[in-house]
Amino acid sequence: MVVFTCNACGESLKKAQVEKHVMKCRSCQVLSCIDCSKDFWGDDYRNHIKCISEDQKYGSKDFQVKVNKGDVKQQQWIQRIQQAMEQPHIEPSLRSVLQKVSAYDNVPRKRAKFENWMKNCLKICSPCLLEKVWEICSTAAHSTASERENRSDTNDGAETNKNKRDERKDKKSKRKTSDENTEQNGENTEKQRRRKRRREENEQNTDEKSNKKQKRREQEAYDESPSLEGEEPASQESESSSAGSSGKFNWKGTIKAVLRDAPEDGLAVKKLRKKVLAAYYSFTGDSNYRSEEELLSLFNRKINNNPKFKILKDRVRLQN
């Protein structure tokens, strides 16, 4: 509740008591608020509805006021009564009553309580006058609320339109970004395909060159090696003649000769190896300097790297 001090006589007055005091104290021209120490000339005190609390006045610098929803609604209700009082079509009798009502800061907002408060505080008991005052106050309250709702709806509509525009812009920018990323990914994919194709071609060329070199080496080794005498080098006669001759052992010719005498389905790898190594030992005699592991490795290379020898499971036969 707001309390004023008369600067002429120093008496403390509630807001509802100021009007009677002014009629008694002829020197009263200025009123000072006890809480905020502000001076109010003439009828300016009527607009001073609520003042600072003791916590705000004597609290620290960091004190924050807690907003009371009831106080906010009460202040809005008093402001609506003051606005209704300023309307031009209001009767003088009603205007004077509204002035008395606006001087209080505890005016009820419900009709039944409002009428009881008018009877007790303002001593107004006329039902017709009570109804007129309430209609004016409630109409002002409803009109202010509808204006606020329309304003909020307008703001909400504007914000909604703005949000929709922002969403459309975001979608366009995202679509543009995704298209650019897709094009960039497509270009990167095409570059990767070209690199892979180039790498495969290089590997294929390298394999072909290595195969040609291997075939050339085998052909040179075959040309340098002497041919075996007779058509059956795997026999004892050819082995004895090979042992007496000089030069390198003909692995390819010996394997071919043994496979020619083999059945149509070929010869087992173990049997072929046994016969070929027997012919090798017969050919080299005491001049053999290779170990058994080296001979087995050499034999396996000869049958695996020659395209004329076909290996099926554990059998070897000549390729037609």
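Owing to the predicted nature of the structure, the values given are computational and were not obtained by experimental measurement.

Undergrad: So what's going on with the overall build of the protein? Which residues, and what values?
TA: Of the regular secondary structure elements, the protein holds 10 helices and 7 strands. In the protein, the share of contacts with a sequence separation of at least 24, taken over all contacts with a separation of at least 6, comes to 52%. Carbon and sulfur atoms form 45% of the exposed surface of the protein, whose accessible area is close to 23,200 Å².

Undergrad: Mind laying out the sheet that holds strand β7 (residues 315-318), listing which residues take part and the relevant values?
TA: Here we have 3 strands laid out as an open sheet, ordered β5-β7-β6, and antiparallel in their pairing. Looking along the sheet, the strands with just one partner apiece sit at the ends: β5 (267-268) and β6 (309-312). By the bridge criterion, 2 bridges tie β5 to β7 in an arrangement that is antiparallel. Looking at β7, one finds that Leu-267 is bridged to Val-316.

Undergrad: How would you explain the pairing of β7 if you had to name every residue and give the values?
TA: Side-chain direction in a regular strand flips from residue to residue, so the side chains alternate between the two faces of the sheet. With 4 bridges joining them, β6 and β7 adopt antiparallel strand pairing. When the bridges of β7 are listed, Phe-309 appears paired with Leu-318.

Undergrad: I'd like to hear about the sheet that holds strand β1 (residues 3-6), residue by residue, with values.
TA: In spatial order, the strands read β2-β1-β3-β4; together these 4 strands make up an open sheet with antiparallel pairing. Each edge of the sheet is formed by a strand with only one pairing partner; in this case those strands are β2 (12-14) and β4 (39-41). Neighbour-to-neighbour, the strand axes of the sheet open up by a mean angle of 35°, direction not taken into account. Pairing geometry for β1 and β2, over 3 bridges, is antiparallel.

Undergrad: Which residues make up the packing of aromatic side chains, and what are the values?
TA: Tallied over the full model, the rule gives 7 aromatic pairs. Here a set of aromatic residues connected by ring pairs shows up, and it is made of Phe-249, Trp-251, Tyr-280, Tyr-281 and Phe-283.

Undergrad: For the packing of helix α8 (residues 251-260) against helix α9 (residues 269-284), give the residues involved together with the corresponding values.
TA: Put simply, α8 and α9 touch, their axes get as near as 10 Å, and they point 130° apart. The orientation of α8 with respect to α9, classified from their angle, is oblique. When the axes of α8 and α9 are compared, the crossing they make is right-handed. The residues of α9 that touch α8, namely those facing Trp-251, Thr-254, Ile-255, Val-258 and Leu-259, are Leu-272, Lys-275, Val-276, Leu-277, Ala-279 and Tyr-280. Considering only residue class, the contact of α8 with α9 consists of 9 nonpolar, 1 polar and 1 charged.

Undergrad: Describe in detail a negative patch on the surface, supporting the description with residues and values.
TA: A contiguous patch of negative charge on the surface is contributed by Glu-200, Glu-201, Glu-203, Asp-207 and Glu-208. Position of Glu-203 among the secondary structure elements: in helix α6 (residues 127-224). Overall, the relative accessible area of 46% leaves Glu-203 in the partly exposed class.

Undergrad: I'd like a description of the side chain of Asn-250, backed by residues and values.
TA: Tracing the backbone through its elements, the reader meets Asn-250 in the loop between α7 (236-244) and α8. Asn-250 gets classed as buried once you look at its relative accessible area, which sits at 7%. Of note is the side chain of Asn-250, whose polar atom sits 3.5 Å from the backbone nitrogen of Lys-252.

Undergrad: Residues and numbers for the state of the cysteines, please.
TA: Overall, the coordinates contain 0 disulfides when judged by the stated rule. We note that Cys-28 lacks a disulfide partner, and the nearest cysteine sulfur, in Cys-6, lies 3.5 Å from it. Of the residues examined, Cys-28 reaches a relative accessible area of 12% and is grouped as buried.

Undergrad: Tell me about the side chain of Thr-254, and name the residues and values.
TA: You can see Thr-254 is positioned in helix α8. Given the relative accessible area of 1%, Thr-254 is considered buried. At a separation of 2.6 Å, a polar atom in the side chain of Thr-254 contacts the main-chain carbonyl oxygen of Asn-250.

Undergrad: Quick one: what's the story with unusual backbone geometry, residue by residue and with numbers?
TA: Phi at Lys-313 is positive, roughly 55°, even though this residue is not glycine. Along the chain, the position of Lys-313 falls in the loop between β6 and β7.

Undergrad: Would you mind going over the pattern of salt bridges in detail, with residue names and values included?
TA: Counted under the stated rule, the structure contains 4 salt bridges. Note that Glu-115 and Arg-111 form a salt bridge whose closest N and O atoms lie 3.2 Å from each other. On the criterion of helical spacing, the pair formed by Glu-115 and Arg-111 is a turn pair, its members being 4 residues apart in helix α5 (residues 111-121). Given the relative accessible area of 39%, Arg-111 is considered partly exposed. Of the charged contacts, one joins Arg-315 and Asp-265 as a salt bridge, the two residues approaching to 3.8 Å between their closest N and O atoms. Here Arg-315 is found in strand β7, whereas its partner Asp-265 is found in the loop between α8 and β5, with 50 residues between them in sequence. Connected via shared salt-bridge partners are Glu-190, Arg-193 and Arg-194.

Calculation notes
Residues numbered from 1 in each chain as written. Predicted model: local features only at pLDDT ≥ 70, side-chain atom pairs only at ≥ 80, totals over all residues. Heavy atoms only, no water. Helix = DSSP H or I, 4+ residues; strand = E, 2+ residues; numbered from the N terminus. Contact = heavy atoms within 4.5 Å. Areas by Shrake-Rupley, 256 points an atom, 1.4 Å probe, with all protein chains shown as cover. Pairing = 2+ DSSP bridges. Axes fitted to C-alpha atoms, helices over the stretch in contact; angles between N-to-C directions. Phe/Tyr/Trp six-rings, centres within 6.5 Å; stacked < 30°, edge-to-face > 60°. Parallel < 35°, antiparallel > 145°, perpendicular 65-115°, else oblique. Left-handed = near helix turned anticlockwise from the far one by under 90°. Nonpolar A, V, L, I, M, F, W, Y, C, P; charged D, E, K, R; others polar. Patch = residues over 30% accessible without salt bridge, like charges linked within 9 Å, V, L, I, M, F, W, Y side chains within 5 Å. Salt bridge = Lys/Arg side-chain N within 4 Å of Asp/Glu carboxyl O. Lys, Arg positive; Asp, Glu negative; His and termini not counted. Charge placed at Lys NZ, Arg CZ, Asp CG, Glu CD. Buried < 20%, exposed > 50% of the residue type's maximum accessible area, 1.4 Å probe, protein only. Polar contact = N/O pair within 3.5 Å; in protein donor to acceptor, adjacent residues only side chain to side chain. Disulfide = S-S within 2.5 Å.

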